[in-house]
Amino acid sequence: MRPNNPNLKVFSVESSGDRIDRWLTHKPDISSRSRALELIQLGLVRVNGKKAKASYKVKCGDQIEIEFPLEQPSELQPLNFALDILFEDEDLLVLNKPSGLVVHPALGHRQDTLVNALLGHLGKLGVGFHADRPGIVHRLDRDTSGILVVAKSDLALHGLAAQFQAKTTHRIYWALVHGQLRFQTGTWKSYLARDPRNRKRFSSSSTGKGKLAITHYRVLQELPQGFSWIECRLETGRTHQIRVHTSESSHPILADPVYSRKNLMNCPRLALHACELGFTHPRNQNEMKFKVDWPQELAEFCKSKGVCSD
């Protein structure tokens, strides 16, 4: 690394004991552990002149060098797609994502994602150093509908990422699940990792390896047809978290093509909806809270089954 490199930043460690991947999350332009890990894996983080490992524990006096990657021209194309926008200002945008829309480009979905639709709406969304995920601070599965916040400025990106990392955001999901739960309230807690038998699935690890996932649930209504309407409050936000926790408790979500073998209720789509999102506005520190009802296709299904969502 060259000392005159404008993308190079050097920091001195003032206290010992924290893993470097966690230590990096408190630095400007990083703000999340996934970004810190990416920089480490790319060999762009050095400790006292040597490439860092994520497990390294920083020591007082260490010199940490971070070389941020050069901004690459984006290959993303704007998509003409009508967005259901709940709020928008200079820093952020809050929207109600429909089921079936992938959040960011991935294998098989390069130009038909929410990011492409945001580019179509905004013209530009160049925040963060993930070329294919500009402005994305959290995500919803393709078939999950509901509220999502997107950063339009670097200030919002870092501020929102810090809130999600610190678990200070308010996230509520509704789900229709098979069967009736034994307890009206409870908590599911496990460590999630990719299922070694099926890479499209995640499962709880019996060895404690994986990422900690905590879901608090409350039964809202039990239906005589053999399913329940529950509310899930996320303490963590892991991939497929609610879907894994409900299925492993023998109450999979209706119409889940990955974690439920049969769609016995003929539900039109995955019955999982992010109905509430709350956070602090990164610029003015105002408390923001948004709530949306079931989308039309699930609202009609609920009405036909006697679910009272009022």
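Read on for a plain summary of the structure. (Residues numbered from 1 in each chain as written. Predicted model: local features only at pLDDT ≥ 70, side-chain atom pairs only at ≥ 80, totals over all residues. Heavy atoms only, no water.)

### As for the overall build of the protein
The line we're drawing: Under the DSSP-based scheme used, a helix requires at least four consecutive residues in state H or I and a strand at least two consecutive residues in state E, with every element numbered from the N terminus. The reference for a compact globule is 2.2 Å times residues^0.38; the radius of gyration itself is calculated from the C-alpha atoms. Throughout, exposure labels follow a simple rule: accessible area from a 1.4 Å probe, protein chains only, divided by the maximum for the residue type, with under 20% read as buried, over 50% as exposed, and the rest as partly exposed. Residues are treated as being in contact if the distance between any of their heavy atoms lies within 4.5 Å. Surface exposure here means Shrake-Rupley accessible area, sampled with a 1.4 Å probe, where a residue is shielded only by the protein chains that are shown. Neither His nor the chain ends contribute to the count of charged residues, in which Lys and Arg are positive and Asp and Glu negative. Working definition for charges: the position is that of NZ of Lys, CZ of Arg, CG of Asp or CD of Glu.
Looking only at helices and strands, one finds six helices and 14 strands in the protein. In terms of overall dimensions, the protein is globule-like: its C-alpha atoms have a radius of gyration of 21 Å, near the 19 Å expected for 310 residues. Each principal axis of the C-alpha atoms in the protein carries an extent, and together these give about 70 × 45 × 40 Å. Counting over 310 residues, the protein shows a buried share of 47%. Look at the contacts in the protein between residues 6 or more apart in sequence, and 66% of them connect residues 24 or more apart. Accessible surface for the protein amounts to roughly 16,100 Å². Of this, 48% is attributable to carbon and sulfur atoms. Averaging the coordinates of the 43 positive side-chain charges in the protein and doing the same for the 32 negative ones gives two points 8 Å apart.

### Regarding the pairing of strand β6 (residues 92–97)
What counts, and what does not: By definition, two strands form a pair when at least two bridges between them are found by DSSP.
The element β6 is extensively covered by neighbouring structure, given that six of its six residues are classed as buried. Where burial is concerned, the two faces of β6 agree: the one with Leu 92, Val 94 and Asn 96 and the one with Leu 93, Leu 95 and Lys 97 are both buried. Across three bridges, the pairing between strand β5 (residues 85–88) and β6 is antiparallel. Paired with Ile 85 across the bridge in β6 is Leu 95. Between the end of β5 and the start of β6, which pair antiparallel, lie three residues. Bridge analysis of β6 against strand β7 (residues 145–151) gives six bridges, and the strand direction is antiparallel. Residue pairing across strands places Leu 92 opposite Ala 151, the latter belonging to β7.

### What to know about the nonpolar core
Heads up, the rule is: Put simply, a nonpolar core is a bunch of buried Ala, Val, Leu, Ile, Met, Phe, Trp, Tyr and Cys residues held in one set by side-chain atoms that sit within 4.5 Å of each other.
Of all hydrophobic cores here, the largest spans 48 residues; its most connected members are Leu 118 and Leu 176. For this core, the element with the highest residue contribution is strand β8 (residues 170–178), accounting for six residues. Contacts of Leu 118, omitting those with residues within four sequence positions, involve Leu 83, Leu 93, Leu 95, Gly 123, Leu 125, Ile 136 and Val 150. Counting residues in hydrophobic clusters, the runner-up holds 17 residues, among them Ile 20, Trp 23, Ala 36 and Ala 52.

### Focus: helix α5 (residues 241–248)
Counting buried residues along α5, seven of its eight residues qualify, which places the element largely inside the surrounding structure. Taken as a whole, α5 has its buried residues at Gln 241, Ile 242, Arg 243, Val 244, His 245, Thr 246 and Ser 247. Positioned one or two residues after α5, Ser 250 has a phi angle of 70°, which is positive.

### Here's the deal with the side chain of His 251
Note the following rule: Any N or O atom pair separated by 3.5 Å or less is treated as a polar contact, with the protein-specific requirement of one donor-capable and one acceptor-capable atom, and with residues adjacent in sequence counted only for side-chain atom pairs.
Note on placement: His 251 falls in the loop between α5 and β13 (272–280). Of the polar contacts made by the side chain of His 251, one reaches the backbone oxygen of His 178; its length is 2.8 Å. Those residues in contact with His 251, other than ones at most four positions away along the chain, are Val 177, His 178, Gly 179, Gln 180, Leu 181 and Thr 246.

### Considering the packing of aromatic side chains
Keep this limit in mind: Centres within 6.5 Å make a pair out of two Phe, Tyr or Trp rings, where for Trp the six-membered ring is used; the pair is then stacked when the planes are under 30 degrees apart, edge-to-face when over 60, and tilted otherwise.
For the structure on display, the rule yields eight aromatic pairs. Between Trp 174 and Trp 229, the ring centres sit 5.2 Å apart and the planes meet at 85°, which makes this aromatic pair edge-to-face. Separated by 55 residues along the polypeptide, Trp 174 in strand β8 and Trp 229 in strand β12 (residues 227–234) bring together distant segments of the chain. Taken individually, Trp 174 and Trp 229 each receive the classification buried, so the pair is uniform in this respect. A connected cluster of aromatic rings, assembled from ring pairs, spans Phe 87, Phe 279 and Phe 290.

### Observations concerning the pattern of salt bridges
Applicable threshold: Any carboxyl oxygen of Asp or Glu within 4 Å of a side-chain nitrogen of Lys or Arg constitutes a salt bridge here.
This structure, assessed with the given rule, holds 14 salt bridges. Here Asp 195 makes a salt bridge to Arg 197, at a shortest N to O gap of 3.5 Å. Exposure remark for Asp 195: the relative accessible area of 4% places this residue in the buried category. With its nearest N and O atoms 3.8 Å apart, the salt bridge here joins Glu 276 to Lys 289.

### Quick notes on the sheet that holds strand β3 (residues 50–51)
The four strands lie next to each other as β1-β4-β2-β3, forming an open sheet whose pairing is antiparallel. Strands with a single pairing partner mark the edges of an open sheet, and in this sheet they are β1 (8–12) and β3. Pairing of strand β2 (residues 45–47) with β3, which is carried by two bridges, proceeds in the antiparallel orientation. Bridging from a neighbouring strand, Val 47 pairs with Lys 50 of β3.

### Examining the pairing of strand β14 (residues 287–291)
Only one face of β14 is buried: it carries Met 288 and Phe 290, and the other face, with Glu 287, Lys 289 and Lys 291, is open. In terms of strand pairing, β13 meets β14 through five bridges, oriented antiparallel. Of the residues in β14, the one forming a bridge with Glu 276 is Lys 291.

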